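Structural features, examined
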Amino acid sequence: MINAEQLYQKLKDIHVGNPICKFTKESCELLLPAVERIEKLKREKNAIILVHNYVAPQIFYSVADYTGDSYGLSKNAKESDADIIVFAAVRFMAETAKILNPQKTVLDPNPNGGCSLADGITAKDVIELRKKFPSHTFVCYINTTAEVKAQCDVCVTSSNVYKIIEKIPNEKIYFLPDKLMGENVIQNLKEKGVKKDIQLWDGTCYVHEEYQSESIDQVRSNFKSVEVLVHPECNSAVVNKADYVGSTSQMLNHVRESERDTFFLLTECGLTGILQSEFPKKKFAGGCTMCKYMKSNSLEDILNVLENPGAQNIIEIDPKTQKNALQCVNQMFEYSAH
Ligand code: 13P
Ligand code: SF4
């Protein structure tokens, strides 16, 4: 288990949003009793905790067994032999863990953890779309409910969306729900000379849609050697001006390998905090927009869910939906493996 000094070393460089909101040794000590109780319950119940890169750093650095992007964490969930999976992120990610592990208990400490993408389309919408586009392959972003996945053919994440859509043999694709990501895919395939007819649903991530390419021009005019990293949920004008486009973990790995020392990120700013901690000699800046859903996770809720989960914390998916959604998610693992 991490001690207060080790936790402080991890958190001391992080200031998410307001620079006066910094962790101190005393604030780290105050976190320790909850961390201790969570660690004890994990051992007693054979539980693991998965934590997304955007979740608050005091959770990320204290109780997580695995941290990562939505693809990596889905893989961790798929490969785990724990009896209980606690997923500190948003609802659709916990649901994906349950789709992959119907026999396990999957607990969501943050049952109100929506997502503007996942909340913007229903299974009924997809059923109607399939009538309108009967010969299209339906590709869904992982940011969708289990019911929506159950109506689609192939799931993708931000780390594999370009490659998987390119590999799908059918020229006709319906991609949902992220319109901006879909436009980036269309542009990427056009540049490569790959011919596809891609139809899009009109959804957006409320965090990433805010970013504008002018902020990149401004940063570049002041810092000539800056490297610009953006998430593929940003609009095409932003993506076109970036040096690197990838999932949250791909951006982290890119920074690790990059020879540059100054980075500008356009993604939820929790990632910037993690990068500040991981690479203290490098400098990071970026738009500080927070995802209210990811940020509504807390150590207290993780503790409560391990001690005494309420019905709203236990992920239940009806067997037919689980079976169909699993086929869709497994298609992603198939395409990723070859
Ligand atoms: P990643 O899979 O890149 O971590 O993205 C998840 C997400 O919700 C981005 O907003
Ligand atoms: Fe959803 Fe956007 Fe939050 Fe990611 S950052 S969970 S896409 S609302």
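Look a little higher up for the structure.
Residues numbered from 1 in each chain as written. Chains lettered and ligands numbered in written order. Predicted model: local features only at pLDDT ≥ 70, side-chain atom pairs only at ≥ 80, totals over all residues. Heavy atoms only, no water.

A closer look at the overall build of the protein chain
Of the regular secondary structure elements, the protein chain holds 15 helices and 12 strands. Here the C-alpha atoms of the protein chain give a radius of gyration of 20 Å, agreeing with the 20 Å that 2.2 N^0.38 yields for 338 residues. In terms of overall dimensions, the protein chain has a C-alpha envelope of 60 × 55 × 30 Å along the principal axes. In the protein chain, the share of contacts with a sequence separation of at least 24, taken over all contacts with a separation of at least 6, comes to 65%. When the accessible surface of the protein chain is split by element, carbon and sulfur atoms take 49% of a total near 15000 Å². (Helix = DSSP H or I, 4+ residues; strand = E, 2+ residues; numbered from the N terminus. Rg over C-alpha atoms; globule rule 2.2 N^0.38 Å. Contact = heavy atoms within 4.5 Å. Areas by Shrake-Rupley, 256 points an atom, 1.4 Å probe, with all protein chains shown as cover.)

A short note on the state of the cysteines
Across all of its chains, the model carries one disulfide by this definition. Here Cys269 connects covalently by a disulfide to Cys288, the sulfurs 2.3 Å from one another. Taken together, the residues Cys269 in the loop between strand S11 (262-266) and helix H13 (270-278) and Cys288 in the loop between strand S12 (283-286) and helix H14 (299-307) connect sequence positions 19 residues apart. Taking relative accessible area as the criterion, Cys288 reaches 42% and is therefore assigned partly exposed. No disulfide involves Cys234; its nearest neighbouring cysteine sulfur is the one of Cys205, lying 8.3 Å away. With a relative accessible area of 0%, Cys234 lands in the buried category. (Disulfide = S-S within 2.5 Å. Buried < 20%, exposed > 50% of the residue type's maximum accessible area, 1.4 Å probe, protein only.)

Re the site of ligand 2
As a structural note, the neighbourhood of ligand 2 is formed by Tyr54, Cys115, Ser116, Leu117, Asn143, Cys205, Tyr206, Val207, Glu233 and Cys291. Among the detected pockets, ligand 2 sits in the largest cavity. (Near = heavy atom within 4 Å. 1 Å grid on protein atoms, 1.4 Å probe; cavity = no way out; pocket = protein on both sides within 12 Å on 5 of 7 lines; lining within 4 Å. Sits in = over half its atoms within 2 Å of the grid points.)

Here's the deal with the site of ligand 1
Around ligand 1, a shell composed of His52, Tyr54, Asp69, Ser70, Asn143, Ser158, His208, His231, Glu233, Ser247 and Thr248 is seen. Contact between ligand 1 and Asn143: an oxygen atom at 3.3 Å from a side-chain N or O atom of the residue. Contact distances for ligand 1 include 2.9 Å between an oxygen atom and a side-chain N or O atom of His231. Because more than half of its atoms lie within 2 Å of the grid, ligand 1 is assigned to the largest cavity. Within the shell around ligand 1, the residues separate by chemical class into one nonpolar, eight polar and two charged. (Polar contact = N/O pair within 3.5 Å; in protein donor to acceptor, adjacent residues only side chain to side chain. Nonpolar A, V, L, I, M, F, W, Y, C, P; charged D, E, K, R; others polar.)

Description of the pattern of salt bridges
A pair can form between side chains of opposite charge whenever their charged atoms are brought close. Evaluation of the coordinates by the stated rule reveals 17 salt bridges. Of the charged contacts, one joins Asp243 and Arg220 as a salt bridge, the two residues approaching to 3.3 Å between their closest N and O atoms. With Asp243 in the loop between helix H11 (236-241) and strand S10 (244-245) and Arg220 in helix H10 (residues 213-222), the pair connects residues that are 23 residues apart, well separated along the chain. Classification of Arg220 as partly exposed rests on a relative accessible area of 27%. (Salt bridge = Lys/Arg side-chain N within 4 Å of Asp/Glu carboxyl O.)

Structural measurements only, silent on function.
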